[in-house]
Amino acid sequence: MELDYYEKIVFNKRRRKVEDDLPQTTTGMEALPRDVVLDILSRLPITSLVQFKYVCKGWRALVQDPLIANLQLATKPHDATNNPCLILHCDFPIRNQLYFIDFFSHKDDEKDKVRKFHMPFQAKMPEFDVVGSCNGLLALSDSLYNDALYIYNPFTRDYIELPKSLQYPDQEVVFGFGFHPVTKQYKVIKIVYYRKSYSSSNYHQRARRIIYPRSDVQVYTLGSPAWRSLGKLSYQFVRRPSEALVNGRLHWVTRPRRYSPARRIVSFDLADEQFREVPKPDCGGLNRCNYHLAVLKGCLSAAVYGNYGKLEIWVMKEYNKNESWIKEFNIGAYIPKGLKQNLDRPFKIWKNPSNGRVVRVLCLLYNGQILLEYKSRVLVSYDPKSGKFKDLMFQSLPNWFQTIVHQGSFNWIDTPLDI
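The rules behind the values
- Residues numbered from 1 in each chain as written.
- Predicted model: local features only at pLDDT ≥ 70, side-chain atom pairs only at ≥ 80, totals over all residues.
- Heavy atoms only, no water.
- Helix = DSSP H or I, 4+ residues; strand = E, 2+ residues; numbered from the N terminus.
- Buried < 20%, exposed > 50% of the residue type's maximum accessible area, 1.4 Å probe, protein only.
- Contact = heavy atoms within 4.5 Å.
- Areas by Shrake-Rupley, 256 points an atom, 1.4 Å probe, with all protein chains shown as cover.
- Core = buried A, V, L, I, M, F, W, Y, C linked by side-chain atoms within 4.5 Å.
- Pairing = 2+ DSSP bridges.
- Salt bridge = Lys/Arg side-chain N within 4 Å of Asp/Glu carboxyl O.
- Axes fitted to C-alpha atoms, helices over the stretch in contact; angles between N-to-C directions.
- Phe/Tyr/Trp six-rings, centres within 6.5 Å; stacked < 30°, edge-to-face > 60°.
- Lys NZ or Arg CZ within 6 Å of the ring centre and 35° of its normal.

J.: Mind showing me how you'd approach the overall build of the protein chain here?
T.: The helix and strand inventory of the protein chain stands at seven helices and 24 strands. Taking all 419 residues of the protein chain together, the buried fraction comes to 51%. Counting contacts in the protein chain only where the partners sit at least 6 residues apart, residues at least 24 apart contribute 54% of the total. Carbon and sulfur atoms provide 50% of the accessible area of the protein chain, an area that totals close to 21400 Å².

Encoded structure:
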């Protein structure tokens, strides 16, 4: 995200004023030890660091120091709850775009809080899905043909296109993207469900429900020359990317089957590359279709839908321990003001057709409030203490969007991480 022409003029004026006001001695930033300066800069919001690039050449060199990215990842929580950086993916009506909501902007004009990212590779991939966010990096996939994958830092504009993986003529793909803190490796997971062949005689059966009996798990380690195949997978996942990265493990929800209706939580360890089942909380809701996973305060969490739009949030306090699941939040039914005028059917059947969800849990804010997304159209904060909801209104917000909780950083995969 670069500054526009007028913002650059303002920053040049501010820089000249600061330089004129500073005494001609080494009492400024130059007088501080470099490691102290870098530690201070690493604690600033990513938008401030982007602006620092335009102050002077010396400050530009400082904010681009690889140590800042390492310090940011080490000092900030991985679910970015103390410093939420929200990226909005809009694929309506036609052209895909990425937006950024600047919660920490001190400008009086609210329209400047929503900014559009420039994507230098968009001409090659105009239609895309965001399939993962990790340590300041986004994984984007081609939503039309599933044959292109990019790793992209929206704040630095750095990006790489990954090698092509094995394709099937009739396939359904589930993605995952994450980083393991021990191996220091980034990996992209591509789970392909496919049918080898089909005949026209079973057209009506396929029209009711498409079944992909075969599967292939493909893994790419960033920096390696090619994808690797881990073979088939016995689980059928819901067709959406991994919803939670905890302890170096990606997590998905299984799709119910005719003779096995109970949904399971399955993890993929980015270190040993093994799939394992994770214990579920002791509530009947997880056998239904209406729940999703999230990460709250670094813990695996499950948001379970009840009747009439109510929501329960269960948190696994100690990873992989069944007894550590705790029902931490109860959220009542709520309809944002911006959606009430568009309701033409009862609330109990008011669902997002793309994923069947009315509300999605995003993260916990620094003040203890829960950030929610309603029907891919409205952002809402909920205060568990008072039980009150607040619609978050921003000018220039797209009409339809998917929210990605992102950790803004200058991190890049060529930078060695030491966290």
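Let's pick the thread back up.
J.: Mind showing me how you'd approach the nonpolar core here?
T.: One broad trend across soluble globular proteins is that nonpolar side chains are buried collectively. Counting 21 residues, the largest nonpolar core has Ile313, Val361, Ile370, Leu372 and Tyr374 as its most contacted members. For this core, the elements supplying multiple residues, two or more each, are β17 (299-305), β18 (311-316), β19 (325-331), β20 (359-364), β21 (370-374) and β22 (378-383). If you look at the next biggest cluster of nonpolar residues, it comprises 20 residues, including Val131, Ile151, Val192 and Trp227.

J.: Whenever I open this one, the environment of leucine 250 confuses me. Can you help?
T.: Looking at the element boundaries, leucine 250 is found in strand β13 (residues 249-253). Sequence separation between leucine 250 and histidine 180 is 70 residues, and the spatial gap between their C-alpha atoms is 9.9 Å. If we ignore the near neighbours within four places in the chain, the residues touching leucine 250 are Gly176, Phe177, Gly178, Ile189, Ser242, Ala244, Leu245, Val266, Ser267, Phe268 and Leu270.

J.: Where do I start with the pairing of β20 in this structure?
T.: Within a regular beta strand, the side chains point alternately toward one face of the sheet and then the other, so they alternate between its two faces. Buried residues dominate β20, accounting for six of its six residues. Following β20, the chain reverses through five residues before pairing antiparallel with β21; glycine 368 in that reversal takes a positive phi of roughly 90°.

J.: Any chance you could explain the pattern of salt bridges here in plain terms?
T.: Side chains that differ in charge, positive against negative, can pair when their charged atoms come close. One pass over the structure, following the stated rule, counts 13 salt bridges. With a shortest N-O distance of 3.1 Å, glutamate 172 and arginine 255 are connected by a salt bridge. One end of the pair, glutamate 172, is in strand β8 (residues 171-180); the other, arginine 255, is in the loop between β13 and β14 (265-269), and 83 residues separate them in sequence. Overall, the relative accessible area of 22% leaves arginine 255 in the partly exposed class. Here lysine 187 makes a salt bridge to glutamate 273, at a shortest N to O gap of 2.8 Å. Remark: glutamate 273 occurs in the loop between β14 and β15 (275-278) and lysine 187 occurs in strand β9 (residues 185-194); sequence separation between them is 86 residues.

J.: What's the story with the sheet that holds strand β2 (residues 97-101) in this structure? I'm lost.
T.: What links the strands of a sheet is backbone hydrogen bonding, and the strands pair in either a parallel or an antiparallel sense. Taken together, the four strands give an open sheet; going across it, the order is β3-β2-β1-β24, and neighbouring strands pair in antiparallel fashion. Single-partner strands in this sheet number two, and they are β3 (114-116) and β24 (402-406). Each adjacent strand pair in this sheet contributes to an overall mean axis angle of 30°, direction not counted. Pairing between β2 and β3: three bridges, direction antiparallel. Bridge pairing in β3 places tyrosine 99 opposite lysine 116.

J.: Hey, could you run me through unusual backbone geometry in this one?
T.: With the exception of glycine, the majority of residues adopt a negative phi angle, and the majority of peptide bonds are in the trans configuration. With phi around 60°, lysine 184 is a residue other than glycine that occupies positive phi space. Relative to the helices and strands, lysine 184 resides in the loop between β8 and β9. Judged by relative accessible area, lysine 184 falls into the partly exposed class, the value being 32%. Despite not being glycine, asparagine 247 shows a phi value in the positive range, around 55°.

J.: Explanation requested: the packing of aromatic side chains in the structure shown.
T.: Each pair of aromatic rings is reported with the distance of its centres and the angle of its planes. Scanning all chains against the criterion turns up 19 aromatic pairs. With a centroid separation of 5.2 Å and an interplanar angle of 90°, the aromatic rings of phenylalanine 117 and phenylalanine 155 are classed as edge-to-face. A residue pair is termed long-range when its members are at least 10 positions apart, and phenylalanine 117 in the loop between β3 and β4 (128-134) and phenylalanine 155 in the loop between β6 (149-152) and β7 (159-161) qualify at 38 residues. With respect to class, phenylalanine 117 is no different from phenylalanine 155; both count as buried. Between phenylalanine 268 and phenylalanine 275 the ring centres are 4.7 Å apart and the planes differ by 50°, which places this aromatic pair in the tilted class. What makes phenylalanine 268 buried here is its relative accessible area of 0%. The structure contains a cluster of three or more aromatic residues connected by ring pairs, namely Tyr235, Phe237, Trp252, Phe268 and Phe275. Over the ring of tryptophan 400 we find arginine 377; its NZ or CZ atom is 4.7 Å from the centre of that ring.

J.: It is not clear to me how the sheet that holds β17 should be interpreted in this structure. Could you clarify?
T.: Overall, antiparallel pairing links the four strands, which are arranged β16-β17-β18-β19 in an open sheet. One side of each edge strand has no neighbouring strand; the edge strands of this open sheet are β16 (291-296) and β19. Ignoring strand direction, the axes of neighbouring strands in this sheet form an average angle of 25°. The sheet contact formed by β16 and β17 spans six bridges and is antiparallel. Across the sheet, leucine 296 pairs through a bridge with cysteine 299, a residue of β17.

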